[in-house]
Amino acid sequence: MQLVWFRKDLRLNDNPALYQACLDGPCRAVYFVTPKQWQAHDIAPIQIDLMERALNHLSADLGSLGIQFHIIEVDDFNAIPERLLAFCQSLNITGVYANSEVEINEIERDIKVDKALKSSGLALRLYQADCLIDPGQVQTQQGEMFKVFTPFKNRCLKILREEINLQPYPAPQAQNSTVNNPLLKLPLAKKSSVGWPASEAQTYHLLQQFIDFHIEDYDQQRDFPALPATSQLGPSLALGIISVKQVVFYLLQAFPRLLDSSDGGPVIWLNELLWREFYRHIMVLNPALGRGASYKISANNIIWSNDEDDFKAWCDGQTGYPLVDAAMLQLKQTGWMHNRLRMVCASFLSKHLLIDWRWGERYFKQHLIDGDFASNNGGWQWAASTGCDAQPYFRIFNPTLQSTKFDPDGEFIRNYLHDRDKLSGKALHQPIRPIVDHQFARQRALLAFSVLKVKG
Ligand SMILES: Cc1cc2nc3c(=O)[nH]c(=O)nc-3n(C[C@H](O)[C@H](O)[C@H](O)COP(=O)(O)OP(=O)(O)OC[C@H]3O[C@@H](n4cnc5c(N)ncnc54)[C@H](O)[C@@H]3O)c2cc1C
């Protein structure tokens, strides 16, 4: 009997661990519910809800293939090695299969599990299904990880053209007659994720709709938060309801010459998927990032103000800057924030308010439905200029200009700030009682961040 251990890969398709386990013999599946770990990882209630829905789809889908799905609840990752070993022994499991994860706690958990299993003659067989290319395989000519995105991207494109088979693994064959798998309720606070796809089928539909109707305009429209111009696949990718390989495979089916093209919506969209890839590879190769380190060592010399009242005002959408405030209210109310606004709000917190980017990173993770450690950390360190190939430290977004540029008619702002309903033109974008003056904040940030002039 083989065992597949599901983690952030809640899908039947393009799931190498599941596929291989089923090839190797009769198979069961397991999922560990780890409430304390999730709390420590700041998983947002809306993401917990999506996870619950996705697990219930997975449970039913596995049942239809005749694969029994076991749910085991423990406090945190520390308890897993012993529980998993006991579980395997009770069912005479001969092999445990899983897909690897990129975060440090998850990697360490797997090392401990492997050790425990090996002590009883079993082993954890790990497959890479979270990235397009195995982390560590995209190298400079000197055999190192790229420190700049564009050459990394170009190398990825070359690998995708010449070396990688993107054909997704099919779902495994049914093993038996249908089994009735349990319905699951996760024991943590939840916020409704209704409206977001939770099954594989709903997720393909979303991808298909995006490719059919929006992708061609992605390069022109993706920066405007009032437009439905981005895929919204982030939550599905974060939980592995779809894999990035599947996404790129279907993208290339729709645009077979994409890897040789240099502009247009599909090219720019693929670029964004490669940013996801970039941050994952950096994370695996720099484990300290998973423990809160800045990528740039010189960033340790930034003297933050870390004013609690300013932080609260930012969280509550009370900075006085309309675009920042509307975006923060969007996050709080819906669990979602548009990418341009994530950049503006992250820049505002770290540069205008001189608050440590880690405070904002944590707050985002506590609220985002697509909260993902590597992309969130990458995005924050990009905006705070402390990351790998980050925004230069002297580039400080002017929140009022960002507002006039990317929400010119205030369509987005008015969704969240009803006191702006009657304002138009320039007045709509002007801050009202701002908690910090832009010019003052800019000068203060330039000084504080000038420690980043030092290389390293
Ligand atoms: C401060 C900050 C925090 C962020 N936190 C997260 C997070 O917790 N989880 C997360 O998935 N993304 C995060 N991002 C990246 C980006 O904002 C989201 O991936 C994007 O907004 C999701 O919308 P979408 O699915 O419609 O993306 P699309 O624009 O349709 O892009 C497709 C996919 O590409 C990936 N992607 C797009 N942009 C980026 C990017 N800049 N970096 C990494 N991957 C990207 C995502 O997986 C996304 O779903 C963050 C960015 C910033 C600046």
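Reference entry: report on the structure contained in this document. (Residues numbered from 1 in each chain as written. Predicted model: local features only at pLDDT ≥ 70, side-chain atom pairs only at ≥ 80, totals over all residues. Heavy atoms only, no water.)

1. Here we look at the overall build of the protein
Of the regular secondary structure elements, the protein holds 20 helices and five strands. Against the globule reference of 23 Å for 456 residues, the protein gives a C-alpha radius of gyration of 23 Å, in line with a compact fold. Reported as C-alpha extents along the three principal axes, the dimensions of the protein are approximately 70 × 50 × 45 Å. Across the 456 residues of the protein, 56% fall into the buried class. (Helix = DSSP H or I, 4+ residues; strand = E, 2+ residues; numbered from the N terminus. Rg over C-alpha atoms; globule rule 2.2 N^0.38 Å. Buried < 20%, exposed > 50% of the residue type's maximum accessible area, 1.4 Å probe, protein only.)

2. Considerations on the packing of aromatic side chains
The tally for this structure, following the rule as stated, stands at 29 aromatic pairs. Look at Tyr 31 and Trp 38: their rings are 6.4 Å apart centre to centre, the planes differ by 40°, and that puts the pair in the tilted class. Neither residue differs from the other here; Tyr 31 and Trp 38 are each classed as buried. Ring centres of Phe 249 and Tyr 250 lie 5.4 Å apart, and the angle between their planes is 75°; on these two criteria the pair is classed as edge-to-face. Residue classification places Phe 249 among the buried residues on the basis of a relative accessible area of 15%. (Phe/Tyr/Trp six-rings, centres within 6.5 Å; stacked < 30°, edge-to-face > 60°.)

3. Observations concerning the site of the ligand
Around the ligand, 27 residues are found, and the nearest of them are Tyr 218, Thr 230, Ser 231, Gln 232 and Asn 339. Contact between the ligand and Ser 231: an oxygen atom at 2.6 Å from a side-chain N or O atom of the residue. Residue Gln 232 places a main-chain N or O atom 2.7 Å away from an oxygen atom belonging to the ligand. If the ligand stood free it would expose 820 Å²; the protein chains cover 96% of that surface. In terms of residue count, the dominant contributor to the shell around the ligand is helix 11 (residues 265–285) (six residues). In terms of residue class, the shell around the ligand is built from 13 nonpolar, nine polar and five charged. Mapped onto the domain boundaries, the shell around the ligand takes at least three residues apiece from domain 2 (131–167 + 201–285) and domain 3 (297–453). (Near = heavy atom within 4 Å. Polar contact = N/O pair within 3.5 Å; in protein donor to acceptor, adjacent residues only side chain to side chain. Areas by Shrake-Rupley, 256 points an atom, 1.4 Å probe, with all protein chains shown as cover. Nonpolar A, V, L, I, M, F, W, Y, C, P; charged D, E, K, R; others polar. Domains from an automatic or database assignment.)

4. Things to note about the environment of Pro 45
When you line up the elements, Pro 45 lands in helix 3 (residues 45–64). When the C-alpha positions of Pro 45 and Pro 399 are compared, they lie 29 Å apart, and in sequence the two are 354 residues distant.

5. What to know about the packing of helix 4 (residues 80–91) against helix 5 (residues 104–118)
Helix 5 packs onto helix 4 with a crossing angle of 40° between their chain directions and a minimal axis gap of 9 Å. Taken as axis vectors, helix 4 and helix 5 run oblique relative to one another. In this structure, helix 4 meets helix 5 at a crossing whose hand is right-handed. Contacts between helix 4 and helix 5 involve Ile 80, Pro 81, Leu 84, Leu 85 and Cys 88 on the former and, on the latter, Arg 109, Lys 112, Val 113, Ala 116 and Leu 117. Tallied by class, residues from the contact of helix 4 with helix 5 come to eight nonpolar, no polar and two charged. (Axes fitted to C-alpha atoms, helices over the stretch in contact; angles between N-to-C directions. Parallel < 35°, antiparallel > 145°, perpendicular 65-115°, else oblique. Left-handed = near helix turned anticlockwise from the far one by under 90°. Contact = heavy atoms within 4.5 Å.)

6. Details of the sheet that holds strand 1 (residues 2–6)
A sheet is described by the order of its strands in space; here five strands give the open sequence 3-2-1-4-5, paired in parallel fashion. Two strands in the sheet have a free side with no partner beyond their single neighbour: strand 3 (69–73) and strand 5 (124–127). Here the average twist between neighbouring strands, direction ignored, is 25°. Relative to strand 5, strand 4 (residues 95–99) runs parallel, the two being bridged by four bridges. When the bridges of strand 5 are listed, Tyr 97 appears paired with Arg 125. Its contacts with the sheet put helix 1 (residues 16–24) on strand 1, strand 2 (27–33), strand 4 and strand 5, and the angle it makes with strand 4 is roughly 155°. With respect to the sheet, helix 4 is in contact with strand 1, strand 2, strand 3 and strand 4, its orientation differing from that of strand 2 by roughly 155°. (Pairing = 2+ DSSP bridges.)

7. Things to note about the pairing of strand 4
With five of five residues buried, strand 4 is to be regarded as a mostly interior element. Of the two faces of strand 4, both are covered, the one formed by Gly 95, Tyr 97 and Asn 99 as well as the one formed by Val 96 and Ala 98. As paired elements, strand 1 and strand 4 share three bridges and run parallel to each other. When the bridges of strand 4 are listed, Leu 3 appears paired with Val 96. As a crossover connection, the stretch from strand 4 through helix 5 into strand 5 is right-handed. (Right-handed = clockwise from strand over helix to strand, strands pointing away.)

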